[in-house]
Amino acid sequence: MVWKLVTYTELYTPIPPYKSTYAIGVAEDESGNKAIVRIDRKYFGRLRSGMLGDVIEEWTVFGTIKRFVPKEEVKVPRVALITGGARGIGSSIAIELAKAGFSIAIADLAYDKEAEKTLETVKSIGVEAVFVAIDVSNRESVEKGVSEVLSKLGRVDVLVNNAGITRDSYLQRMSAEDWEAVIRVNLTGAFHCSKVVSQYMIRTGGGVIVNVSSIVGLVGNVGQANYAASKSGLIGLTYTLAKELAPYGIRVVAIAPGFVKTRMALAVPKSILRDYLKRSPIPRLIEPEEVARLVRHIVENEALNGVVIPIDLGLTISSPRA
Ligand code: NAI
């Protein structure tokens, strides 16, 4: 017997005690019999009235319930949005997720030579890819950029909050502007992006948010009060969003890299870099591709949620201070 979905609720609220979201719908069979059905969130992304499927009875501790299971297996390519994706770690993440089959949205301040190179590399892997100009520190820019991604690629399944800056100096010399600029990009930027993107993820049945923190956010670093505070803040944001968004099928995980071979790390004074290498159990810089492979693992491993994963060659265990 084939059932047709007549209507369904757009309100996807968590239903305790399942800690999961469902839509409630009305389905009708060929003889006009109607049934109230529960529709699992994994179907949200392609749900519509008139969709054909099966109604199955499922036994739960509270008795039996009717569930609607769509027949059509419409494969929608999943989409990853990477902020600060033009170069460095963000570029490697874009390339790695493209290899995993994701369509890619590279979000960065401006479409420069590096953005063009990353975009071309991602496209050459054979997936759809777009560049969107987003300043993560500006809420309106995030809203505009995300709606551009949605209109071009249809959805967002993975958000990587990777955009970041440094404005290093000792506390006594640090200006309020430098403090605020770093917090605005590194922390408030992740807040804006998570807030805007998660509302779409909820509608399409879930997703993954990866926050790029730093070992500096775990153990601090001389001359980086603003940066360390922003990266510690990202960890608190990760823990909280992991709790808040889990019922909607959204996982939130942070990574905490040590020094990665990018423009940001290479701008660090040579003496500090040398000291860092001396203290590292494995004395080398981390490759951006190594960080990207960790992000891919987080995206693919559905058991990871609400944790901070260091990728630091053992630096955090080698000294009480980074
Ligand atoms: P990078 O400087 O090479 O790349 C950062 C990217 O973010 C650039 O493409 C830049 O244009 C973009 N960006 C900056 N402000 C932005 C804004 N307001 N809106 C949108 N995009 C913006 O740096 P890297 O090393 O690739 O860093 C990526 C992330 O990894 C950062 O969050 C950084 O804090 C973090 N990280 C880096 C480490 C390292 O040693 N390189 C270590 C630990 C964490």
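These figures come from a predicted structure and were not determined experimentally. (Residues numbered from 1 in each chain as written. Predicted model: local features only at pLDDT ≥ 70, side-chain atom pairs only at ≥ 80, totals over all residues. Heavy atoms only, no water.)

J.: Before we go on, may I ask you to explain the layout of surface pockets in this structure?
T.: Over the atoms a probe the size of a water molecule is rolled, and this reveals where empty space is left. Taken as a whole, the second largest pocket holds about 780 Å³ of empty space. The wall of the second largest pocket is formed by 24 residues, among which K42, R78, R155, D157 and G205 lie closest to the centre. Residue assignment for the lining of the second largest pocket shows that the elements contributing at least two residues are β11 (207-212) and α9 (288-300). Its residues assigned to classes, the lining of the second largest pocket shows seven nonpolar, six polar and eleven charged. (1 Å grid on protein atoms, 1.4 Å probe; cavity = no way out; pocket = protein on both sides within 12 Å on 5 of 7 lines; lining within 4 Å. Points joined across faces, edges and corners; volume = space filled by probe spheres on them. Helix = DSSP H or I, 4+ residues; strand = E, 2+ residues; numbered from the N terminus. Nonpolar A, V, L, I, M, F, W, Y, C, P; charged D, E, K, R; others polar.)

J.: I keep staring at the packing of helix α3 (residues 139-153) against helix α4 (residues 176-204) and nothing clicks. Help me out?
T.: To describe two helices that pack against each other, one gives the angle between their axes and the distance between the axes. Running from N to C, α3 and α4 cross one another at 35°; their axes reach a closest spacing of 9 Å. Regarding α3 and α4, the two cross each other, and that crossing is right-handed. In contact with R139, V142, E143, V146 and L150 of α3, α4 contributes H192, C193, V196, V197 and Y200. Broken down by class, the residue content of the contact of α3 with α4 amounts to seven nonpolar, one polar and two charged. (Axes fitted to C-alpha atoms, helices over the stretch in contact; angles between N-to-C directions. Left-handed = near helix turned anticlockwise from the far one by under 90°. Contact = heavy atoms within 4.5 Å.)

J.: Honestly, unusual backbone geometry in this entry has me stumped. Any pointers?
T.: The bulk of non-glycine residues show a negative phi, and the bulk of peptide bonds are trans. The phi dihedral of L313 is positive, around 60°, even though this residue is not glycine. With respect to the element layout, L313 can be found in the loop between β13 (308-311) and α10 (315-318).

J.: When you look at α9 in this model, what are you seeing that I'm missing?
T.: Counting along an α-helix, one turn takes 3.6 residues, and residues three or four places apart therefore face a common direction. Compared with an ideal rise of 1.5 Å per residue, which puts 13 residues at 18 Å, α9 spans 19 Å between its outermost C-alpha atoms and is within 8% of the ideal. By the burial criterion, the buried members of α9 are P288, V291, A292, L294, V295, I298 and V299. Viewed end-on, α9 has its buried residues packed into an arc of 155°, placing them on one side of the element. Residues of α9 that are buried make contact with α1 (88-99), β10 (158-161), β11, β12 (250-257) and β13. (Expected span 1.5 Å × (residues − 1). Buried < 20%, exposed > 50% of the residue type's maximum accessible area, 1.4 Å probe, protein only. Arc of directions from axis to C-beta.)

J.: Looking at this structure, how should I read the pattern of salt bridges?
T.: Side chains bearing opposite charge may pair, as long as their charged atoms lie close to each other. Counted under the stated rule, the structure contains 16 salt bridges. Among the salt bridges present, the one from D54 reaches K71, with a minimum N-O distance of 2.8 Å. With D54 in strand β5 (residues 52-60) and K71 in the loop between β6 (63-70) and β7 (79-83), this residue pair connects regions lying 17 residues apart in the sequence. Using a relative accessible area of 30% as the deciding quantity, one classes D54 as partly exposed. Residue classification places K71 among the partly exposed positions, given a relative accessible area of 46%. Its salt-bridge partner being E300, residue R296 comes within 3.1 Å of it at the nearest N-O pair. Placement of the pair is R296 and E300 together in helix α9, with a separation of four residues, close to one helical turn. The class for R296 is partly exposed, based on a relative accessible area of 24%. A relative accessible area of 47% places E300 in the partly exposed class. What emerges from the salt-bridge pattern is a single network uniting R38, E58 and R67. (Salt bridge = Lys/Arg side-chain N within 4 Å of Asp/Glu carboxyl O.)

J.: I tried to follow the site of the ligand on my own but got confused; where do I start?
T.: Taken together, 26 residues surround the ligand, and among them D108, N162, Y227, V260 and T262 come closest. Between the ligand and D135, the relevant distance is 2.9 Å, taken from a nitrogen atom to a side-chain nitrogen or oxygen of the residue. Side-chain polar atom of Y227 to an oxygen atom of the ligand: 2.5 Å apart, as the coordinates give it. When the ligand is considered free in solution it has 820 Å² of accessible area, and contact with the protein chains removes 94% of it. For the shell around the ligand, the secondary structure elements donating two or more residues are α1, α6 (225-245) and α7 (263-266). (Near = heavy atom within 4 Å. Polar contact = N/O pair within 3.5 Å; in protein donor to acceptor, adjacent residues only side chain to side chain. Areas by Shrake-Rupley, 256 points an atom, 1.4 Å probe, with all protein chains shown as cover.)

J.: Just to check I follow, could you spell out the environment of P310 for this structure?
T.: Mapped onto the elements, P310 comes out in strand β13. What makes P310 partly exposed here is its relative accessible area of 39%. Separated by 52 residues in sequence, P310 and G258 have C-alpha atoms that sit 7.7 Å apart. Ignoring sequence-local partners within four residues, the contact set of P310 consists of L218 and A256.

J.: Which parts of the structure should I look at to understand empty space enclosed by the protein?
T.: For the structure on display, the rule yields one cavity of 30 Å³ or more. When its volume is computed, the largest cavity comes out at roughly 40 Å³. Lining the largest cavity are T83, V136, N161, N162, A163, V185, N186, G189 and A190. No other element matches the four residues that α4 contributes to the lining of the largest cavity.

J.: Would you explain the sheet that holds β11 in this entry?
T.: An order of β9-β8-β7-β10-β11-β12-β13 is seen for the seven strands of this open sheet, with the pairing classed as parallel. The open sheet has two edge strands with one neighbour each: β9 (129-133) and β13. Taken over all neighbouring pairs, the strand axes of this sheet differ in orientation by 20° on average, direction set aside. Across the sheet, α1 is in contact with β7, β8 (103-108) and β10; its angle to β7 comes to roughly 175°. Each of β10, β11, β12 and β13 is contacted by α9, which is oriented at about 160° to β12, the strand it contacts most. (Pairing = 2+ DSSP bridges.)

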